[in-house]
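In case you want the letters, here they are:
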Amino acid sequence: MIIALSRVCALLVLTGAAACAKGADKPPVVEASSPAPAATPRATPADWQVTEHGLGPLHAGMTVAQVAAVVPGTFASPSGAAASECEYASWSDAPAGVHVMLVSGTVGRVDVDSQTVATAAGATVGDSEARIDSLYPGRVRRMPHKYTDGSYLVVLAVAPADTMDRLVFETDGTHVTTFRAGRVPPVEYVERCS
């Protein structure tokens, strides 16, 4: 009787092991449940590249609420709901040297005046005019600077759908002193908000 029980136990163990081995290539069964609401991903410093559209996930045309949902820190209009015609946003965690122009409550352009942030092509404050030409071949339109002996190097977007978006590099005649990205007409304003 003990021998028969031992054989039955051994048979059960072998049968269970075989069943486990057969199911090893099958994915485990998971009970269906409601998916958790996806959190809005917030940008990180690695995302702070400037394109003709703006800075990382912050694009020209976005509302203050849309920007606040995708950037770290507090992002707000200094005038609140009144939405001034032209003002610079208050942004607690803005990358150094970055300023966001709001025009009637939406992003008009992003200004950069330090070497801490570069364009997706690698251009930054301090680059030569020749470097801008080489990074954006055939896309640079030169205009004389209104106040200095420098130039405005206007880089047009590639896709036909983006004809209103630009990069504008201001130079002292040799090197980039500041640049901005955004939508026409704010990106081409010579002055900042008064």
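The rules behind these values
Residues numbered from 1 in each chain as written. Predicted model: local features only at pLDDT ≥ 70, side-chain atom pairs only at ≥ 80, totals over all residues. Heavy atoms only, no water. Pairing = 2+ DSSP bridges. Helix = DSSP H or I, 4+ residues; strand = E, 2+ residues; numbered from the N terminus. Phe/Tyr/Trp six-rings, centres within 6.5 Å; stacked < 30°, edge-to-face > 60°. Buried < 20%, exposed > 50% of the residue type's maximum accessible area, 1.4 Å probe, protein only. Contact = heavy atoms within 4.5 Å. Axes fitted to C-alpha atoms, helices over the stretch in contact; angles between N-to-C directions. Polar contact = N/O pair within 3.5 Å; in protein donor to acceptor, adjacent residues only side chain to side chain. Core = buried A, V, L, I, M, F, W, Y, C linked by side-chain atoms within 4.5 Å.

Enquirer: Even after reading the chapter, I still don't get the sheet that holds strand β1 (residues 50–51), so can you show me in this structure?
Expert: Each strand in a sheet pairs with another by means of backbone hydrogen bonds, the pair being arranged parallel or else antiparallel. If you trace the three strands from one edge of the open sheet to the other, you get β1-β2-β3, paired in antiparallel fashion. Edge positions in the sheet fall to β1 and β3 (58–59), since each has one partner strand and no second. Strand direction decides the pairing type here: β1 and strand β2 (residues 54–55), joined by two bridges, are antiparallel. Across the sheet, residue Thr 51 finds its bridge partner in β2, namely Gly 54.

Enquirer: What exactly am I supposed to notice about the packing of aromatic side chains here?
Expert: Enumeration over the complete set of coordinates arrives at four aromatic pairs. The rings of Trp 48, Phe 75 and Trp 91 are connected pair by pair, giving a single aromatic cluster.

Enquirer: It is not clear to me how the environment of Asp 162 should be interpreted in this structure. Could you clarify?
Expert: Tracing the chain through its elements places Asp 162 in the loop between β10 (151–156) and β11 (165–171). Taking the C-alpha atoms as reference points, Asp 162 and Glu 52, separated by 110 residues in sequence, lie 8.5 Å from one another.

Enquirer: What's the story with the side chain of Glu 129 in this structure? I'm lost.
Expert: Within the element layout of this structure, Glu 129 appears in helix α3 (residues 129–135). What makes Glu 129 buried here is its relative accessible area of 12%. Contact partners of Glu 129, with chain neighbours within four places excluded, come to Arg 142, Ser 151, Leu 153, Thr 171, Gly 173 and Thr 174.

Enquirer: Help me understand the sheet that holds strand β5 (residues 86–88) in this model?
Expert: Pairing is antiparallel in the open sheet, where seven strands are placed in the order β5-β7-β8-β12-β11-β10-β9. Among the strands making up the open sheet, the edge pair consists of β5 and β9 (140–144). Strand-to-strand, the axes of this sheet are offset by a mean angle of 20°, without reference to chain direction. With three bridges joining them, β5 and strand β7 (residues 98–103) adopt antiparallel strand pairing. By the bridge assignment for β7, Cys 86 is matched with Val 103.

Enquirer: How should the side chain of Arg 166 be read in this particular structure?
Expert: Its place among the elements puts Arg 166 in strand β11. Among the polar contacts listed, one links the side chain of Arg 166 to the backbone oxygen of Thr 163, at a separation of 2.5 Å. Among residues more than four places away in sequence, those in contact with Arg 166 are Glu 52, Arg 141, Val 154, Val 155, Leu 156, Arg 180, Ala 181, Gly 182, Val 184, Val 187 and Glu 188.

Enquirer: Would you take a moment to explain unusual backbone geometry for this structure?
Expert: Glycine aside, residues mostly have negative phi angles, and peptide bonds mostly take the trans form. At the junction of Val 184 and Pro 185, the peptide bond is cis and its omega measures out at 10° in the coordinates. Relative to the elements of secondary structure, Pro 185 occurs in the segment after β12 (176–183). A positive phi angle, near 50°, is found at Ser 104, a position not held by glycine. Counting through the fold element by element, Ser 104 comes out in the loop between β7 and β8 (106–112).

Enquirer: Just checking my understanding: could you explain the nonpolar core for this structure?
Expert: Note that soluble globular proteins tend to have their nonpolar side chains buried in a common cluster. Grouped together as the largest cluster of nonpolar side chains are 30 residues, with contacts concentrated most on Leu 58, Phe 75, Trp 91, Val 100 and Phe 169. Going through the elements one at a time, α2 (64–70), β7, β8, β10, β11 and β12 are the ones with two or more residues in this core.

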